[in-house]
Amino acid sequence: MGKYTLTVFSKSGETLLDESFEAANEKEAKQTGEKRLAELNYLDSTHRCTNASGKLVLFHR
């Protein structure tokens, strides 16, 4: 299991969400991140999901 961080930003640059979770692989992390964004109604906000080494798994601007 790898550790991933999901971060959401407002248009002004304020951090709206910064939470970590574990996933078996990048595909699962992307699915988990998208599900969480949908739950919180942040799909249209700027967001990113990175793995522990900083690699982007999910990004929307």
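Each remark here, short or long, concerns the structure printed above.
Just so you know, these numbers come straight off a predicted model, no measurement behind them.

### Overview of the side chain of N51
At step 1: Looking at the secondary structure, you find N51 in strand β3 (residues 46–51).
At step 2: For N51, a relative accessible area of 16% puts it in the buried group.
At step 3: Among the polar contacts listed, one links the side chain of N51 to the side chain of S53, at a separation of 3.0 Å.
At step 4: Contact partners of N51, with chain neighbours within four places excluded, come to K3, Y4, E26 and V57.

### A few points about the environment of E19
At step 1: Note that E19 resides in strand β2 (residues 15–23).
At step 2: For E19, a relative accessible area of 23% translates into the label partly exposed.
At step 3: With 28 residues separating them in the primary sequence, E19 and H47 have C-alpha atoms 12 Å apart.
At step 4: Look past the residues within four positions of E19 in its chain and what remains in contact with it is Y4, T5, L6 and R36.
At step 5: At 2.7 Å, the side chain of E19 and the side chain of R36 are in polar contact.

### Observations concerning the nonpolar core
At step 1: Residues Y4, L6, V8, L17, F21, A23, A29, L37, C49, V57 and L58 constitute the largest nonpolar core, which totals 11 residues.
At step 2: Once you skip the residues sitting within four places of it in the chain, A23 turns out to touch M1, G2, Y4, E28 and A29.

### What to know about the pairing of strand β1 (residues 2–9)
At step 1: Here β1 pairs with β2 via 8 bridges, running antiparallel. Note that in β2 the partner of G2 across the bridge is A23.
At step 2: The hairpin turn running from β1 into β2, its antiparallel successor, is 5 residues long, and G13 in that turn takes a positive phi close to 100 degrees.
At step 3: Bridge count between β1 and β3: 6 bridges; the pairing is antiparallel. Counted as the bridge partner of T7 is R48 from β3.

Conventions we followed
Residues numbered from 1 in each chain as written. Predicted model: local features only at pLDDT ≥ 70, side-chain atom pairs only at ≥ 80, totals over all residues. Heavy atoms only, no water. Helix = DSSP H or I, 4+ residues; strand = E, 2+ residues; numbered from the N terminus. Buried < 20%, exposed > 50% of the residue type's maximum accessible area, 1.4 Å probe, protein only. Polar contact = N/O pair within 3.5 Å; in protein donor to acceptor, adjacent residues only side chain to side chain. Contact = heavy atoms within 4.5 Å. Core = buried A, V, L, I, M, F, W, Y, C linked by side-chain atoms within 4.5 Å. Pairing = 2+ DSSP bridges.

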